[in-house]
Amino acid sequence: MFFTEAQTREIITLKKDWKFNKGHHPEAINSKFDASKWETVTVPHDWAIKGPFNKEIDIQKVAITQNGENIATEKTGRTGALPYIGEAWYRNEFSLSHFNRNKKVLILFEGAMSEPEVFLNGKKVGEWKYGYSYFYFDITDYINDTNKNTLAVKLTNVGLSSRWYPGAGLYRKVQVIVKDKNHIKQWGTFITTPIITKELAKVNIKTKASGENLKLLTTIYNADGKKVNSNETTVPFDDEFDQNITVEKPNLWSPETPYLYTAVSQLYSGNELKDETTKRFGIRSINYDQKTGFSLNGEVRKFKGVCLHHDLGPIGTAVNTAALRRQLRILKDMGCDAIRSSHNMPSIEQLELCDEMGFMFLAESFDEWAKPKVENGYNRFFEDYAEKDVVNLVHATRNHPSIVMWSSGNEVPDQWGTEGVKRAKWLQDIFHREDPTRPVTVGMDQVEATMESGFGALLDIPGLNYRVHLYEEAYEKFPQGFLLGSETASTVSSRGIYKFPVEKGIMKTYDDFQSSSYDLEYCSWSNLPDDDFVLQDDKPWVIGEFVWTGFDYLGEPTPYDEAWPSRSSYFGINDLAGLPKDRYYLYRSRWNTNDETLHILPHWNWEGREGEITPVFVYTSYDSAELFLNGKSLGIQKKNNETPQNRYRLMWMDVKYKPGTLKVVALDKNGNPAEEKEIKTAGKPHQIVLNSDVKTLKANGEDLAFVTVSVVDKNGNPCPTATNQLKFKVSGKGIFRAACNGDATSLELFHLPTMKLFSGKLVVLIQSTENVGEINLIVTGKGLKNAKLKLKSITDN
């Protein structure tokens, strides 16, 4: 069944034909202003992602106190070295086909970076401050009775306002909503499932409405579009209808079975239908208990989560459903079941995908409260906007079953002192008032301070960012009876790069500004994945973890904060292009309980290291394995409890490099061969190979294919150290959108159709047009056999 709200309300998504210009243009608010020479863009749009990279942009001379720094030093790539700073303007025009003075018109922004000021037909409608907030304005009184309305949006980004790349522009959806004066209020529906048994579920739906002589009919449909039950009421309490609807033999929502129902609410004035909204929801219960920890639908489980920043690598912060879906597919295969939106409100598209694909969600709000981390951060707006921002977050997203927890802050300096304790309670109380069904956490890094001040004790869920050595003490001192690893690991690595000798390193740096993929390097405040695994596996009162981070992101290039040209992170389990690092398989070996994992590292192309110690690690779900080099056994390794690394990795530390074939044979519990993998020393790069994540694209002008580009030798062996410069050409019903190789030090621009391979790979993004048909990609490189790929673009139904 196809649900539509078009009969009663008009929703116009302002996607095309925006005019954009960076600079100071106060006259652009006027309808007669000539913007014909401005750039034409589509929204969502990130004005800064095309660069160029420049170390002078937003250099921050700071001591990062949460990293334990006491002396201010120059940080060059902290916000990605991309030109996000400055003032810019967007203009568009829209017409309303059914407008009259009995209508109400809203304009909705799901994210505008930042400090947006909104003008319609020459008049200022309103302003907001926080670039991550959803907000709307009632523009009924600003609408022209004539058909054309001119919208202008001013955005202002100042330096020293972020700790990572924030993006710039109208990077999320903009919509005009036209409805009757008798209507359901914006974000006015709140769906909860307070009673759930195998036989029935009680679905409670509260609906805020405005108008006269109102009646509300709400119908619930199952995932197949079949009617389940309905309720009609004419008795609102003040402006709110309160309905209870029974669903028999409910299908419960979980990461394993993400079943979604749909509630259609129809508002009548008398007997005339005036408004209609459609909301998807899930039937599920959450519980956080002192004795059992976290449970979903009555079953105890632990979060296997990752933190995600909001940028999407080479396309920047402009939200894109296909890019988000690809991220989640990669994480799902790893066994991940939870996402933390760090450190800000998530996009609606991300939440919808998490509902559909089955991910629990920790929805975060702020990286700063009243005390600054960066001079021009959210601290400037906290007193005036924090409550409004929290209310909008909760109202806009509370019907998503994926959200199982709110976060009111991350590593806020307000953890120190009594005022911070009061702020923590104030914010938590707002969340509780607006949503009594979900708990609140804060990611705390100053754990000793919060143990003494009462800050941690008042939280619904004490969240620890790192500080594994304090888990036991925090568990004893905090009254909740459980802890959450709200941010864990911060292990650093560069895909396909290995350093010798193989040993643990804290803030380890090298001349090439890369980090070793032996996954033994971490930061001054952090630790290795295995340390977290021990706590998750051995302590029932630890309810899960959110690893920093699922993917690399633009900005914050620790441990190379002071080294140019590093401009993106090394923390990711996957790199900036979305290609898995070795660490991906370490997490997969523990988290993916449906499929076996067997992964071998490093690569086996080490010309010049013949005879030198080159340790071999195997990340596997099997308990033991045997390693062979050129057919000769190098022995069997078994997981053991000698060290955290021995418990979760198989390591042959004394292997001497010799070219040829490295093979690992995994053994089952009886010692019999169960699975094997091998890697070979490759010859010179000979041929380009293309693999796309999809075969078809929707002809909607925004769908994406992610094509992994690699090279092989003449025998078909992957070349893991190749750095060839490649060129890309897209023809037919698609366009080249971007490329990315995952190298945190590369200054090549994402939007240009040429790039070097990094560790033998890169990714090309192809975008659909609005025309159906064939899309062709050809990739060429000097001295290499080229490669071609055909995709299809189909009707977007």
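You'll find the structure just up there.
Residues numbered from 1 in each chain as written. Predicted model: local features only at pLDDT ≥ 70, side-chain atom pairs only at ≥ 80, totals over all residues. Heavy atoms only, no water.

## Things to note about the packing of aromatic side chains
For the coordinates displayed, the defined rule picks out 45 aromatic pairs. Centroid distance Trp369 to Phe455: 6.0 Å. Interplanar angle 25°. Geometry classified as stacked. Of this pair, Trp369 sits in the loop between strand E25 (360-364) and helix H3 (382-397) while Phe455 sits in helix H6 (residues 455-458), and the two are 86 residues apart along the sequence. Residue Phe455 is classed as buried on the basis of its relative accessible area of 0%. Pairing Tyr378 with Phe381 gives two aromatic rings, centres 6.3 Å apart and planes at 75°, and the pair type is edge-to-face. Owing to a relative accessible area of 6%, Tyr378 belongs among the buried residues under this scheme. According to the relative accessible area criterion, Phe381 is buried, its value standing at 11%. Ring pairing ties together the aromatic residues Tyr130, Tyr132, Phe366, Trp369, Tyr378, Phe381, Phe382, Trp426 and Phe455, which thus form one cluster. Its guanidinium or amino end placed over the ring of Tyr510, Lys499 lies 4.9 Å from that ring's centre, counting from NZ or CZ. Seen from the ring of Phe628, Lys663 lies directly overhead, with NZ or CZ sitting 5.5 Å from the centre. (Phe/Tyr/Trp six-rings, centres within 6.5 Å; stacked < 30°, edge-to-face > 60°. Helix = DSSP H or I, 4+ residues; strand = E, 2+ residues; numbered from the N terminus. Buried < 20%, exposed > 50% of the residue type's maximum accessible area, 1.4 Å probe, protein only. Lys NZ or Arg CZ within 6 Å of the ring centre and 35° of its normal.)

## Concerning the sheet that holds strand E33 (residues 598-601)
One open sheet holds the three strands; their spatial order is E33-E34-E37, and the pairing between them is antiparallel. Lying at the two open borders of the sheet, with one neighbouring strand each, are E33 and strand E37 (650-652). Sheet twist, expressed as the mean angle between neighbouring strand axes with direction ignored, is 15°. Where strand E34 (residues 616-620) meets E37, three bridges bridge the pair, whose relative direction is antiparallel. Looking across to E37, one finds that Phe617 is bridged to Met651. Contacting E33 and E34, helix H9 (residues 582-591) runs over the sheet at an angle of about 40° to E34. (Pairing = 2+ DSSP bridges. Axes fitted to C-alpha atoms, helices over the stretch in contact; angles between N-to-C directions. Contact = heavy atoms within 4.5 Å.)

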